Amino acid sequence: EVQNGLIITRPVKFDTLQYKVLHQLTLQGVFANEPIIKIYGSQDGITWCYLGAALRRRIGHMRGRPFKYFRFSIATKLAPTENITGLRVGYEVRTENRLR
């Protein structure tokens, strides 16, 4: 029997509090139905900006504003033999353009 599922991650900061731009996103696991992946970004970890969604397991060549925090939600349908094992994210750290 296929079950609907929703996964929402905690705020993710990727090592440092510098600004980052996502480049690619890959959902890993064994599943037949294509998931809906939604991406949110935040500067402070409290207010969130919706960045976009995709109906496939791999998103490549993403460009946009840099953020400090990210959050992901995944909506999918899974059979008992299917699973989601991870989310692989590629990003680039943006340096701040200010003199010190």
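Residues numbered from 1 in each chain as written. Predicted model: local features only at pLDDT ≥ 70, side-chain atom pairs only at ≥ 80, totals over all residues. Heavy atoms only, no water.

Asker: How would you explain the pairing of strand 2 (residues 19-30) if you had to name every residue and give the values?
Answerer: Of the strand pairs in this sheet, strand 2 and strand 7 (residues 83-94) are connected by 11 bridges, and their pairing is antiparallel. Within the sheet, the bridge partner assigned to Thr26 lies in strand 7 and is Arg88. Strand direction decides the pairing type here: strand 2 and strand 5 (residues 58-59), joined by two bridges, are antiparallel. Residue pairing across strands places Thr26 opposite Arg58, the latter belonging to strand 5. (Pairing = 2+ DSSP bridges. Helix = DSSP H or I, 4+ residues; strand = E, 2+ residues; numbered from the N terminus.)

Asker: So, the pattern of salt bridges: which residues are in play, and what are the values?
Answerer: In the structure shown here, the tally under the stated rule is one salt bridge. Where Arg94 meets Glu92, a salt bridge forms, and the shortest distance between an N and an O atom there is 3.7 Å. For Arg94, a relative accessible area of 34% gives the class partly exposed. (Salt bridge = Lys/Arg side-chain N within 4 Å of Asp/Glu carboxyl O. Buried < 20%, exposed > 50% of the residue type's maximum accessible area, 1.4 Å probe, protein only.)

Asker: Residues and numbers for the sheet that holds strand 4 (residues 49-54), please.
Answerer: Spatial ordering of the open sheet is given by 1-6-3-4, a layout of four strands whose pairing is antiparallel. The sheet terminates laterally at strand 1 (3-8) and strand 4, the two strands that pair on one side only. Direction aside, neighbouring strands of the sheet carry axes that sit 15° apart on average. Relative to strand 6 (residues 69-78), strand 1 is paired through six bridges, and the arrangement is antiparallel. Paired with Ile7 across the two strands is Ile74, which belongs to strand 6. (Axes fitted to C-alpha atoms, helices over the stretch in contact; angles between N-to-C directions.)

Asker: Can you explain the nonpolar core? Please cite residues and give values.
Answerer: Counting residues in each nonpolar core, the largest one holds 15 residues, and the members touching the most others are Leu22, Ile39, Ile59 and Phe72. Those residues in contact with Ile59, other than ones at most four positions away along the chain, are His23, Gln24, Leu25, Ile37, Ile39 and Ala54. (Core = buried A, V, L, I, M, F, W, Y, C linked by side-chain atoms within 4.5 Å. Contact = heavy atoms within 4.5 Å.)

Asker: I'd like a rundown of the pairing of strand 6, residues and numbers included.
Answerer: With seven bridges joining them, strand 3 (residues 36-42) and strand 6 adopt antiparallel strand pairing. Its bridge partner lying in strand 6, Ile39 is registered against Phe72.

Asker: Describe the sheet that holds strand 2, naming the residues involved and giving the relevant values.
Answerer: In space, the three strands of this open sheet follow the order 5-2-7, with antiparallel pairing throughout. Each edge of the open sheet is held by one strand with a lone partner, namely strand 5 and strand 7.

Asker: Go over the environment of Lys77 with me, naming the residues and quoting the values.
Answerer: Positionally, Lys77 belongs in strand 6. The class for Lys77 is partly exposed, based on a relative accessible area of 43%. C-alpha of Lys77 to C-alpha of Glu1: the two residues are 76 residues apart in sequence and 9.9 Å apart in space. Leave out the neighbours within four places in its chain, and Lys77 touches Val2, Gln3, Asn4, Asn33 and Glu82.

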